[in-house]
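# Observations on the model geometry
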Amino acid sequence: MFIDGAWCAAEGGRAFLVANPATGEKIADVPDGGRADAARAIAAADAAFAGWAGMTAYDRSRILYRAWELMIARKVDLARTMTAEQGKPLRAAANEVQYAADFLLWYAEEAKRVYGETIPAPRGDQRFIVAHQPVGVVAAITPWNYPSSMITRKVAPALAVGCTVVLKPAEATPLSAMEVFRILEEAGLPAGVANLVTASDPAPVGEEFLENPLVRKLTFTGSTAVGKRLARGAAESLKRVSMELGGHAPFIVLKDADPEHAAKGAALVKFLNTGQACISPNRMFVHRDIVEPFLETLTGRVERMRAGNGMEDGIAIGPLVGEAAVAKVERQVADAAARGARVLCGGHRLMEGALARGHFYAPTVLADVTPEMLIYREETFGPVAPVIAFDDGDDVLAMANDTAYGLASYVYTNDLRAAMRLFEGLRFGIVGINDINPTAAAAPFGGMKQSGLGREGGHEGLHEYLETKLGGFSI
Ligand code: NAD
């Protein structure tokens, strides 16, 4: 763990094991922190706050910029660590490290643009100014599926505006987090400004984050169930919260779209990270007139995807994070098949040879999916593409919006009017129109409804860590 500028063991010397999900092999032992460690890290962050917030934005920017340089220089090493502990193919891991670094660079730049405002006052002898100040100590909790970028997406804007941070990474992927913190240390971050607490059991650390009065903000990325629990706990002392939660993305292909082009996009985005992405399409609504060519292209592409250890060349499908994840996918596919879905490819675990040692599930395409099926309602977080044919009379916008989630959505059409109607009508924080990658450090990312609160990335991402202060002056 990294607390108050020093790498340290957990109180009592406890440790937990990190394993490779592709091979089951042990990779490392990591300090198993608890509540006392979290309290110590929060105290360090609180002590460092005044000094860090008091530095100029230019000085903070320089440190973030240096961290960006270091991360880019170590891209290959960081990607290897990520593939070993998380399982995604090496090339995808390198892309994620690039994305993680993008946040460091973007917020190194944005640090210098936290502008205030002056407002015309109602009295002649009055002046109003609006200033933005850092909220204080930030507690951050991140998931395993994007183990580097989910950290920098929180830590870079928090540091840029002058907040100090305590981060708890997911128990499956603490090694990528340690690499990020090593970079922050080497970039010259003063002691206590960013602290890392690793733990096998998230609950005690989470409780300290919620109950410690020095923490002024909680930022979380993970499941909706845990996010709600944390938001409830944060309400007790009215800590500010940002929540990046689950998704159930619709992928709509209108009648006028090119079904092959749309299917290529669907194959690319659905199977990224073996479907373990919050923006992964989970309901593909395709017009009945073009559903067969869409399915043919999609199935052809998916059948060619090779599963295996992400360290090897040519692997498209890495392991799922654990046995429970495989069991969930199995349950959804069995339920869909029992209710009449056609399994066009995949539909089973992968157990041949070395694959038996990891948590592998074959990339799967389901046709004839209907609203009665579990997969129509539940986030899958696995390599299954469920396709639903819709007809001219169907209100596909209403079908897409019929979910408690509201993170990402996708539309394929060449009809400008339809594209605009769907962009405006979809109750989702992100809408990709003929675009399967509508994300970047410069753009606001986040969900509506039960997909979350707040935005990360872009200039919106800075304001999650800022208080607004009004000055009224009588002169
Ligand atoms: P999860 O909620 O189980 O875990 C996420 C983090 O929360 C981990 O660090 C975990 O240790 C911690 N956690 C779990 N229980 C806790 C508790 N009681 N107190 C404090 N911390 C606790 O989610 P997961 O399975 O690791 O991640 C997958 C979920 O994350 C999916 O639903 C996915 O959609 C979502 N996600 C969302 C985004 C986004 O930006 N919206 C990005 C990535 C993942």
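Parameters and conventions
- Residues numbered from 1 in each chain as written.
- Predicted model: local features only at pLDDT ≥ 70, side-chain atom pairs only at ≥ 80, totals over all residues.
- Heavy atoms only, no water.
- Helix = DSSP H or I, 4+ residues; strand = E, 2+ residues; numbered from the N terminus.
- Rg over C-alpha atoms; globule rule 2.2 N^0.38 Å.
- Buried < 20%, exposed > 50% of the residue type's maximum accessible area, 1.4 Å probe, protein only.
- Contact = heavy atoms within 4.5 Å.
- Lys, Arg positive; Asp, Glu negative; His and termini not counted.
- Charge placed at Lys NZ, Arg CZ, Asp CG, Glu CD.
- Phe/Tyr/Trp six-rings, centres within 6.5 Å; stacked < 30°, edge-to-face > 60°.
- Pairing = 2+ DSSP bridges.
- Axes fitted to C-alpha atoms, helices over the stretch in contact; angles between N-to-C directions.
- Parallel < 35°, antiparallel > 145°, perpendicular 65-115°, else oblique.
- Nonpolar A, V, L, I, M, F, W, Y, C, P; charged D, E, K, R; others polar.
- Polar contact = N/O pair within 3.5 Å; in protein donor to acceptor, adjacent residues only side chain to side chain.
- Near = heavy atom within 4 Å.
- Expected span 1.5 Å × (residues − 1).
- Domains from an automatic or database assignment.
- Buried area = accessible area lost by both parts, 1.4 Å probe.

## Let's talk about the overall build of the protein
When helices and strands are tallied, the protein shows 15 helices and 20 strands. Taking 2.2 N^0.38 as the reference for a compact globule, 475 residues should give roughly 23 Å; the C-alpha atoms of the protein span a radius of gyration of 23 Å, in line with that estimate. For the C-alpha atoms alone, the extent of the protein along its principal axes is close to 70 × 60 × 40 Å. In the protein, which comprises 475 residues, the share counted as buried stands at 55%. Contacts in the protein between residues far apart in sequence, at least 24 positions, make up 73% of those at least 6 positions apart. Charge separation in the protein, taken as the distance between the mean sites of 48 positive and 56 negative side-chain charges, equals 3 Å.

## As for the packing of aromatic side chains
Here the distance between the centres and the angle between the planes together describe a pair of aromatic rings. Evaluation of the coordinates by the stated rule reveals 7 aromatic pairs. Taken together, a centroid distance of 5.8 Å and an interplanar angle of 35° make the contact between F251 and Y410 tilted. Of this pair, F251 sits in strand β12 (residues 249-253) while Y410 is found in strand β17 (residues 408-412), placing the two residues 159 residues apart along the sequence. One exposure class covers both F251 and Y410, and it is buried. Aromatic ring contacts, followed pair by pair, group F251, Y410 and Y412 into a single cluster.

## Some details on the sheet that holds strand β14 (residues 342-345)
Overall, mixed pairing links the 7 strands, which are arranged β14-β15-β16-β13-β12-β17-β18 in an open sheet. At either margin of the open sheet sits one strand with a lone partner, and together these are β14 and β18 (430-433). Neighbour-to-neighbour, the strand axes of this sheet turn through a mean angle of 20°, independent of strand direction. Of the pairings in the sheet, the one linking strand β13 (residues 281-287) to strand β16 (residues 384-390) comprises 4 bridges and is parallel in character. When the sheet's bridge partners are listed, H287 is paired in β16 with F390.

## Some words on the packing of helix α3 (residues 75-86) against helix α6 (residues 174-186)
For the pair α3 and α6, the least separation of the axes is 8 Å and the interaxial angle reads 160°. What the angle tells us is that α3 and α6 run roughly antiparallel. Taken together, the residues of α6 that come into contact with α3 (itself represented by L78, T81, M82 and E85) are P174, L175, S176, E179 and I183. Taken together, the residues of the contact of α3 with α6 sort by class into 5 nonpolar, 2 polar and 2 charged.

## Some points on the side chain of T403
Summarising the element assignment, T403 is placed in the loop between α13 (396-401) and β17. Here T403 falls in the buried class, since its relative accessible area comes to 12%. A polar contact of 3.0 Å, which involves the side chain of T403, links it to the backbone nitrogen of Y405. In this view, T403 contacts H248, R283, F428 and K449; residues no more than four positions away in its chain are not counted.

## Notes on the site of the ligand
Around the ligand sit 29 residues in total, of which T142, W144, E171, S223 and E379 are the nearest. Here an oxygen atom of the ligand sits 2.6 Å away from a polar atom, N or O, in the side chain of W144. Between the ligand and L245, the relevant distance is 2.8 Å, taken from a nitrogen atom to a main-chain nitrogen or oxygen of the residue. Within the residue set of the shell around the ligand, elements represented by two or more residues are α5 (149-161), α7 (202-211), β10 (215-221) and α8 (224-235).

## Looking at α6
Because an α-helix completes one turn every 3.6 residues, residues spaced three or four positions apart along the sequence face the same direction. With 13 residues, α6 extends 18 Å from end C-alpha to end C-alpha; this agrees with the ideal 18 Å at 1.5 Å per step. The element α6 is extensively covered by neighbouring structure, given that 10 of its 13 residues are classed as buried. The positive-phi residue at the C-terminal boundary of α6 is G188, with phi of around 105°.

## Let's talk about the domain arrangement of the protein
Considered domain by domain, the protein is made up of domain 1 (2-245 + 449-474) and domain 2 (249-433). For domain 1 and domain 2, the distance between their C-alpha centres works out to 31 Å. With 23 residues of domain 1 at the contact, the number on the domain 2 side is 27 residues. A buried area of about 2,000 Å², summed over both sides, lies between domain 1 and domain 2, and 57% of it is on carbon and sulfur atoms. Ranking the residues of domain 1 by area buried against domain 2 places A22, W144 and K449 at the top, with a combined share of 27%. In this structure, the connection of domain 1 to domain 2 is made through 10 residue pairs in polar contact (both at pLDDT 80 or more). Broken down by element, the residue count for the side of domain 1 that touches domain 2 peaks at 4 residues, all from α3. Grouping the amino acids of the side of domain 1 that touches domain 2 by side-chain chemistry returns 9 nonpolar, 9 polar and 5 charged.

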